[in-house]
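Geometric and topological summary
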Amino acid sequence: MAYRENMKNKYREALSTYLRDQTEQALYQGQKISKKSIEHNIAPEEIINIHKNILMDVYPGTPGEVLDSLDFLLEVMMGYGFAYREHQSLRHIQQELKTEIEIAANVQSTLLETTIPNVDGLEIGALSVPARQMSGDYYHFVQDEKKHIGVAIADVIGKGIPAALCMSMIKYAMDSLPEHRHNPSSVLESLNRVVEQNVDPSMFITMFYGLYNPENHLFSYSAAGHEPGFYYESATKGFTDLTAKGLLLGVDKKTKYMQYEKKVEPGDMIILLSDGVTECRTSEGFIERETLIEFIQQNIHLHAQDIVNRLFKQLEKMQHFQLRDDFTLLILKRDV
Amino acid sequence: MDITVEVKDITSGVEVWVKGEIDAYTAPKLSETLYPLSKREGIVMIVDLTEVSYMDSTGLGVFVGLFKSVRAHNGVFTLVGLSERLQRLFDITGLADIIDIKSHAEGGVE
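Figured I'd write up the structure that's included with this text. (Residues numbered from 1 in each chain as written. Chains lettered and ligands numbered in written order. Predicted model: local features only at pLDDT ≥ 70, side-chain atom pairs only at ≥ 80, totals over all residues.)

What to know about the pairing of strand 7 (residues 238–242) of chain A
Residues and elements named next belong to chain A. Here is the rule we go by: Here a strand pair is declared whenever DSSP counts at least two bridges between the two strands. Only DSSP runs of H or I covering at least 4 residues are called helices, and only runs of E covering at least 2 are called strands; the numbering of each starts at the N terminus.
Two strands pair when backbone bridges link them, and strand 6 (residues 229–233) and strand 7 are joined in this way by 5 bridges, in the antiparallel orientation. Across the sheet, the residue bridging to Tyr232 is Phe239, located in strand 7. Linkage of strand 6 to strand 7, two consecutive antiparallel strands, is achieved through a turn of 4 residues, within which Lys237 is found at a positive phi near 55°.

Description of the sheet that holds strand 3 (residues 149–157) of chain A
For clarity, the cut-off: Lines fitted to C-alpha atoms define the axes here, with helix axes fitted over just the stretch in contact, and angles between the N-to-C directions of these axes take values from 0 to 180 degrees. We call two residues in contact when their backbone-placed C-beta atoms lie within 7 Å.
The 5 strands are arranged 2-3-4-5-8 (chain A) in an open sheet whose pairing can be described as antiparallel. The sheet is open, and its two edges are formed by strand 2 (137–143) and strand 8 (260–263) of chain A, each paired on a single side. Averaged over all pairs of adjacent strands, the angle between their axes in this sheet comes to 15°, without regard to strand direction. For strand 3 of chain A and strand 4 (residues 204–213) of chain A, the ladder comprises 9 bridges, and the chain directions are antiparallel. Residue pairing for strand 4 of chain A: Ile149 of chain A is matched across the bridge by Tyr212 of chain A. Packing of helix 6 (residues 184–198) of chain A onto the sheet brings it into contact with strand 4 and strand 5 (218–224) of chain A, and relative to strand 4 of chain A it is tilted by some 155°. Contacts from helix 2 (residues 57–72) of chain B reach strand 3 and strand 4 of chain A, with the element oriented near 80° to strand 3 of chain A.

Here's the deal with the nonpolar core
Nonpolar side chains in soluble globular proteins tend to be buried together. Heads up, the condition is: Think of a nonpolar core as buried Ala, Val, Leu, Ile, Met, Phe, Trp, Tyr and Cys residues, each tied to the set through C-beta atoms within 7 Å. Here a residue counts as buried when 20 or more other C-beta atoms sit within 10 Å of its C-beta, as exposed when there are 12 or fewer, and as partly exposed otherwise, the C-beta atoms being derived from the backbone.
In terms of nonpolar packing, the biggest core is built from 93 residues, with Leu191, Ile205, Met207, Leu330, Ile331 and Leu332 of chain A touching the most fellow members. Filtering out sequence-adjacent residues up to four positions away, Met207 of chain A remains in contact with Ala152, Ala154, Leu188, Leu191, Ala224, His226 and Leu249 of chain A.

Observations regarding the sheet that holds strand 3 (residues 44–55) of chain B
Residue and element names in this part refer to chain B. Strand order in this open sheet of 5 strands is 1-2-3-4-5, and the pairing throughout is mixed. Each edge of the open sheet carries a strand with a single partner, namely strand 1 (3–10) and strand 5 (100–102). Each adjacent strand pair in this sheet contributes to an overall mean axis angle of 20°, direction not counted. Bridge count between strand 4 (residues 76–80) and strand 5: 3 bridges; the pairing is parallel. Along strand 5, the bridge assignment pairs Val80 with Lys102. Packed on one face of the sheet, helix 2 meets strand 2 (13–22), strand 3 and strand 4 and runs near 150° to strand 4.

The values reported here are purely geometric and, on their own, carry no functional implication.
See the structure below:
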């Protein structure tokens, strides 16, 4: 209420000054009053009412028609007042939702947290950046009792909150797999059944699952419709696609997955990615897999984590710092 | 970028032409138009993607959903006119092995 009284006085002052001299200064006062009134939720029709009362006070001789016209204007402005109050309440709701999503994003990152294992003779680099607040990409490392390292990278088809919720379910399905079932093909077959039964029929998941044996350096892997990664062979200094055939998770519950194997030699690298890396669109079109290889090659002497970070920086810059899709990149590099 | 979805009735079902980019923003239009049709018993649905310049994984989700729905209603679902990029997307995801994909030469939409 104190504001209203104060505002009426200011209004009277500014209006009288303006009617007398038509100065810029008085108009500027008017703008200030408008800003303040918005802050204090004063409706447009209320301002017209104040205007009318002050006018009658300051110029008692104001013709009746002018005053009547102000009553008319007041009616017309009523609709705007309602719209404005509705806008205010929507803004309030939107703010609440935004806060809720922020909390959900935090919960998600806690749920999906994974620790990168410390393994002698193996460098691991990992980075995952969501395009929006919540990510539909996911990566996970596990180390079993035989010290074998399981690595999973997955992408939910779909983005935003539904995709993120779906990912949390996958993580729990994976955590509850029995210890002895960490063969890549059996992991995918189990998860496929979970997704097929529990997830919306138009939501699917692509996943690559690999298991690294640090004793004999065998890397076995299977994929369910996932973007192929790369394999870098240190002896030939060449890159090949890490292709593994297999259907997306959640399409057909009887799907079987092939398992592949690779002997990892010193200096070799396994590069795993989500389609946010290869589907990266720049102003000159899509980024080619060859370009990615070039970027990796330029940084190949670095630690696996630094290669990952550099590559992200380069792609981010090429997209003018606007990610269109979630980005996830993992590199496993056997020490020389 | 918007899409247009043109549906033409044929004796055994529908022929569909899609034009434009299929992404998270345009995919709902595609599924809203085609889902109800996919539930007709024994429908033959042929979708021509020749003029689709871009499709992301959301679009892929729509086609898998359509395929499953048509199959559940004993129909036939066929995709025609995939660009190299689209074909690769269906190959990687393993969908090319279960969904019927034809080139123009093999028939389908004229």
